[in-house]
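# Results of the structural survey
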Amino acid sequence: MSSLAAQLITNGIIAGAIYALVASGFSLIYNVTKFMNFAHGATLALGAYFMFAFVSGHVPFWAAIILTLIATVIAGEVVNRVVYKPLRKRKASTAVLLIGSLSAMIFVNAIILAIWGADIKTIQLPWQNPVLNIGGVLITVVQVTIIMVAAVLLLGLWLLMKRSRLGIAMRAVMNNKEVAQTVGIDPERMYSITFALSSALAAVAGILIGIEQNLHPTMGTALVIKGFTGAVVGGMVSVPGAIMGSLILGLAENIGIWWLPSGYKDAIAFALLFIFLLVRPQGLFGKKTREA
């Protein structure tokens, strides 16, 4: 394997790790609440800006991470209670909930713009970010951290969903909310926990992106589209599938620019999304369903 190919694959894994964090939170909310929460991207951006604010305020770096996680989870729960819970009580359709999520995304982006402005922001690291040369592949310490943190968190999410009582309760609500209620599971409590978990994943993604790249108010919009694409490729009804789909997307984007100019990265993502919507809308790991 040439050093260029190895570099492109490494870059694809790094991008896929970020997309997987976004897609897992997006897919988690979709599975439990049965609607597409595009405001998840705005939550990610808010997490990145919280981190910037705390670091700029001379809060110790590790304390800033903890405060960012707390603040972002609270913000995600506020969106759930203010926007989605009243709509659920009115038994709003998924289309109305989707419109509500788009409105929430625009509103949060406007808040970020009003507070921090439109200019590019940078989170200053308290240490150097050296570039490592591993077998001819160049990768920074931050990028290694992104891969490792994403792997640990996604494995933890899988174990939580498969092995814990909380995960079993969440999957019960996924499968049949009415039956879950008959055995004493409170769907609204599960919804709150789901938004908390997805907001925490969005906060981690925002922090990792923020310490590697620059911040701008609409950064979450592009990322939630990539997360949505990864979820479609892997299967919207499968959180592990959404993670695998995101890795496939990251690799496709970065290997694709071997033949195409780098400006075509987004075009590759949209082409992949379009192909899967036409050929296999249930995704690689989703199951085809048939209406009765």
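None of these values were measured; they are calculated from a predicted model.

Note that strand β1 (residues 131-134) and strand β2 (residues 137-140) share four bridges and pair antiparallel. In the strand pairing of β2, V131 is matched with T140. Linking β1 to β2, which pair antiparallel, is a turn of two residues; within it G135 sits at a positive phi near 60 degrees.

Tallied over the full model, the rule gives one cavity of 30 Å³ or more. Here the largest cavity defines a volume of roughly 50 Å³. Every residue lining the largest cavity is listed: I29, N37, A39, H40, T43, G76, V79, F195, S198 and S199. Secondary-structure elements contributing two or more residues to the lining of the largest cavity are α2 (40-56), α3 (61-89) and α8 (187-212).

Look at α8: 37 Å from first C-alpha to last across 26 residues, which is about the 38 Å you get at 1.5 Å a residue. Measuring from the side-chain oxygen of the N-cap residue of α8 to the backbone nitrogen of E188 gives 3.2 Å; that N-cap residue is D186.

At K34, a residue that is not glycine, the phi angle is positive and equals roughly 65 degrees. Within the element layout of this structure, K34 appears in the loop between α1 (3-33) and α2. Positive phi values are uncommon outside glycine, yet H58 reaches one of about 65 degrees.

Attention now goes to the pattern of salt bridges. Tallied over the full model, the rule gives five salt bridges. Note that D119 is salt-bridged to K121, the shortest N-O span being 2.8 Å. Taking relative accessible area as the criterion, K121 reaches 11% and is therefore assigned buried. For E253, the salt bridge goes to K226, with nearest N and O atoms at 2.9 Å. Residue E253 is found in helix α10 (residues 239-256), and its partner K226 is found in helix α9 (residues 219-234); the two are separated by 27 residues along the sequence. Considered together, E253 and K226 belong to a single accessibility category, that of buried residues. Among the charged side chains, a network of salt bridges with common partners joins K226, E253 and D266.

The rules behind each value
- Residues numbered from 1 in each chain as written.
- Predicted model: local features only at pLDDT ≥ 70, side-chain atom pairs only at ≥ 80, totals over all residues.
- Heavy atoms only, no water.
- Pairing = 2+ DSSP bridges.
- Helix = DSSP H or I, 4+ residues; strand = E, 2+ residues; numbered from the N terminus.
- 1 Å grid on protein atoms, 1.4 Å probe; cavity = no way out; pocket = protein on both sides within 12 Å on 5 of 7 lines; lining within 4 Å.
- Points joined across faces, edges and corners; volume = space filled by probe spheres on them.
- Expected span 1.5 Å × (residues − 1).
- Polar contact = N/O pair within 3.5 Å; in protein donor to acceptor, adjacent residues only side chain to side chain.
- Salt bridge = Lys/Arg side-chain N within 4 Å of Asp/Glu carboxyl O.
- Buried < 20%, exposed > 50% of the residue type's maximum accessible area, 1.4 Å probe, protein only.

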